[in-house]
Structure formats: structure tokens, C-alpha cells
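# Analysis of the macromolecular model
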Amino acid sequence: SKDIKPRATANACGISAEDYKYDLVERIYTGTKIIDLTNCKEDLINRLFKDKTVPAEDIILASGFDEKTLFANQCCYINYGPQSALAIFKKKAGHFRLVQGFDEQAKAKAKIIPKNSEQLFAHHLLMDQEILMVTLLGPAGTGKTILAVDAGHAQVPARYEQLHIFRPTQELGEPQGFLPGDIVKKFEPWTTPIYDAFDVICNFKKEDIADSRKMGIKNRRDRVKMHVQDLINCGELDMSPINYLQGCNLRDQFIIVDEPQNFKKKDIKKI
């Protein structure tokens, strides 16, 4: 059974019970790898920081790794004694590309600053135009949605015409029943997490809200909604339920499919 309650009841009664494992994924690709340089004849770490890239063969020879165990765009922790560096394995280019944290100048311009190496890797993957799809997996609150929205927001309209966010419409708890209004009004309750993300990204100050009060803006939430609506009105942002994705042709768009963990296999294949 997939239901925990009958499994717990069965086990309490001495009846053997286990999870339904037909479609269970036991090992999920983490996207990361630790590489220890053991046969290093030169300071590859400093060379990586200086040149921003190091040929893959140099790292592989120094670590004794089998290149076949590395995947394209894999995020790597490269260690040599007390030294360490973050890099992404660019298989097609044949090198490891350095991943650096934000310096003071970048921090001043950035809307969102990654707090750890995993978020930093995710940021670089999302900003890399050579990568067609990035999958982020993690517990609630690890920054998956906000990092994706920030990356899309930063690249529209410079690289893409539009940021398009698709969300599921599964309810938690008891169903609320029929929702009045058109499709935009019906979908509005499921767009709340996107507004929350833009709230953090925009980080409106009290003076911004005070300046907007003459336009009917009463609080921070209203100011965020106005900003999101401006993006929608100028065609730089769209938010849609996942239900109507089949058959769509999406061109020059940064696509985010948010919260897909409850989708069925056939839904994922369609996406």
C-alpha cells in the first residue's frame, strides 16, 4: 500500500506490510560529485580560479576518475588538501568551469544571493543558456521556486521574450468547491507562491509603498501585485494552470513547471 496508516496498523497487528514499490525510485540523481585530486602535479585549484576553466583531462588524470562516471553539466566539489573549488563539468566543451560566489559588486546588483553551494550551483545552471532543462529537488523552503523565478526574471527580455510559469491545481485538505470568475480568477489562489517569490525578489522598501499610496496601494502585498501585473501587461510574464499545457508551442520563453511532485507519469511525459 502507498497509504502509511494501513501499513502502520498492519505492522502493529503483526502483519507484514510494505510500501508499493512498482514505481518507486530508490536512487535519485543528486547532480553533484566529489572529486579528490590525489595525483596532482600542479596547483590545479589555483589554476581553475585564475583561468576560470581547466581541461577535463587534467582533472581526470589528477583524480584517477573514470570519465564515464561523470555526466554533462554535473556539479563537482573539487578538493586538493585544504583547497577546494566548485565547478561544473562541461562535457561538450571538454573542461570544468569554475563556479564562484558573488563578490561585493555582484551582491549589490543581485536580487537573490545564494546561501550555500547547492543554491549557487542551481543559480549557475539556471543562468546557463546551453542547458535546456534544469530539475531542482529538495525539501520545502530550500529555494527551488524563488531561484527559478529570479533566474527567469533576470533573463527576460534580454535573452527570452517571456517568463512562463505553470503550476498544478491540486488542493490540500478538503476541496473548496466551485470557484467563481473566469480562468484567471479561478487560477488566482494557486499563484500565491509566485507572488511570494516576487515579494522577496523585489524587496520593496517602506518608502516604495509610501510613494505608491497615491495610486491606491495600501500595503506591501498590493505593491507586489502591481509589479507582477505590470509584467503580465507588458507580456514579460504569464502564469497558467498545467491542465492546458498539452499541444502548446512555446517559443523564446523561460519555462518554469512548479511543484510537479504530484503529477502522474503520463503528465510528466506530456510536459
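Preceding this section is the structure that the text describes.
This text gives an overview of the structure that appears in the document. Bear in mind that the values here come from a model prediction, so they are computed numbers and not experimental data. Numbering of residues starts from 1 in every chain and runs along the sequence as written. Per-residue local features are limited, in this predicted model, to residues with pLDDT of at least 70; the limit for side-chain atom pairs, both in listing and counting, is 80 or more; totals at the level of whole chains, interfaces and linings are taken over all residues. The basis for the side-chain values is all heavy atoms of the structure; hydrogens and waters are excluded.

### Some words on the packing of helix α8 (residues 192–202) against helix α10 (residues 220–233)
This is how it is decided: Axis definition: a line fit to C-alpha positions, over the contact stretch in the case of helices; interaxial angles, taken between N-to-C directions, run 0 to 180 degrees. Under the DSSP-based scheme used, a helix requires at least four consecutive residues in state H or I and a strand at least two consecutive residues in state E, with every element numbered from the N terminus. Oblique is the label for any angle not covered by the other classes, which are roughly parallel (under 35 degrees), roughly antiparallel (over 145) and roughly perpendicular (65 to 115). Only heavy atoms matter for contacts: two residues are in contact if any of them lie within 4.5 Å across the pair. Ten residue types, Ala, Val, Leu, Ile, Met, Phe, Trp, Tyr, Cys and Pro, are classed as nonpolar, four, Asp, Glu, Lys and Arg, as charged, and the remainder, Gly among them, as polar.
Axis separation between α8 and α10 bottoms out at 9 Å; the angle between their running directions is 100°. Taken together, the axes of α8 and α10 are roughly perpendicular relative to one another. The segment α8 lies against α10, with T192, Y195, D196, F198, D199 and C202 engaging R220, R221, V224, K225, H227, V228 and L231. Here the contact of α8 with α10 is built from residues that sort into six nonpolar, two polar and five charged.

### Section: the packing of aromatic side chains
The test is simple: Each pair of aromatic rings taken from Phe, Tyr and Trp, with Trp reduced to its six-membered ring, is defined by centres within 6.5 Å and is described as stacked if the planes are under 30 degrees apart, edge-to-face if over 60, and tilted in the remaining cases. Only protein chains enter the area calculation, which uses a 1.4 Å probe; residues under 20% of their type maximum are buried, those over 50% are exposed, and those in between are partly exposed.
Throughout the structure, instances matching the rule amount to four aromatic pairs. Relative to F96, the ring of F89 has its centre 5.1 Å away and its plane inclined at 35°; by these criteria the two rings are tilted. Both residues of the pair, F89 and F96, count as buried.

### Here we look at helix α3 (residues 56–63)
For clarity, the threshold we go by: Note that the arc is defined by the directions from the helix axis to the C-beta atoms.
Looking at α3, one finds that the buried residues are A56, I59, I60, A62 and S63. One face of α3 carries all of its buried residues, which in axial projection span an arc of 165°. Across from the buried face of α3, at angles greater than 90 degrees, the exposed residues are E57 and L61. Where the residues of α3 are buried, they touch β1 (32–36), α2 (44–51), β2 (53–55), β3 (74–80), β4 (83–90) and β5 (95–98).

### Side note on unusual backbone geometry
Leaving glycine out, the prevailing phi sign among residues is negative, and the prevailing peptide bond configuration is trans. Geometrically, the link from V156 to P157 is a cis peptide bond, its omega value of 5° lying close to zero. Examined against the element boundaries, P157 turns out to sit in the loop between α6 (144–154) and β6 (162–167). A positive phi is found at N73, a non-glycine position, where the angle reads about 65°. Considering the arrangement of structural elements, one finds N73 in the loop between α3 and β3.

### Here's the deal with the pairing of β4
Note the cut-off: The criterion for strand pairing is that DSSP finds at least two bridges linking the strands in question.
The buried fraction of β4 is high, at six of eight residues. Two elements, β3 and β4, share seven bridges in a ladder whose sense is antiparallel. Note that in β4 the partner of C75 across the bridge is I88. Linkage of β3 to β4, two consecutive antiparallel strands, is achieved through a turn of two residues, within which G81 is found at a positive phi near 65°. Note that β4 and β5 share four bridges and pair antiparallel. Residue pairing across strands places F89 opposite F96, the latter belonging to β5. Taken together, β4 and the strand that follows it, β5, pair antiparallel across an intervening segment of four residues, in which G94 is found at a positive phi of about 75°.

### A short note on the pattern of salt bridges
Cut-off, in case you're wondering: A side-chain nitrogen of Lys or Arg and a carboxyl oxygen of Asp or Glu constitute a salt bridge if their distance falls within 4 Å.
According to the stated counting rule, one finds twelve salt bridges in the structure shown. Across the salt bridge formed by D128 and K90, the nearest N and O atoms sit 2.8 Å from each other. Of this pair, D128 sits in the loop between α5 (117–126) and α6 while K90 is found in strand β4, placing the two residues 38 residues apart along the sequence. Its relative accessible area of 5% is what places K90 among the buried residues. Salt bridges sharing common partners tie together K90, R97, D128 and E130.

### Looking at the sheet that holds β4
Ordered in space as β1-β3-β4-β5-β2, the five strands form an open sheet in which the pairing is mixed. In this open sheet, the two strands that pair with only one neighbour each are β1 and β2. This sheet shows a mean twist of 30° between the axes of neighbouring strands, independent of strand direction. Pairing of β2 with β5 involves three bridges; the strand directions are antiparallel.

### Here we look at the environment of S63
In plain terms, the rule: Residues adjacent in sequence count toward polar contacts only when both atoms are side-chain atoms; beyond that, a polar contact is any pair of N or O atoms within 3.5 Å, and within protein one must be able to donate a hydrogen and the other to accept it.
Relative to the elements of secondary structure, S63 occurs in helix α3. For the pair S63 and I35, spaced 28 residues apart in sequence, the C-alpha separation works out to 6.6 Å. Those residues in contact with S63 that lie beyond four places of it in its chain are I35, D36, L37 and T38. Within the local environment of S63, its side chain forms a polar contact with the backbone oxygen of I59, the two atoms lying 2.9 Å apart.

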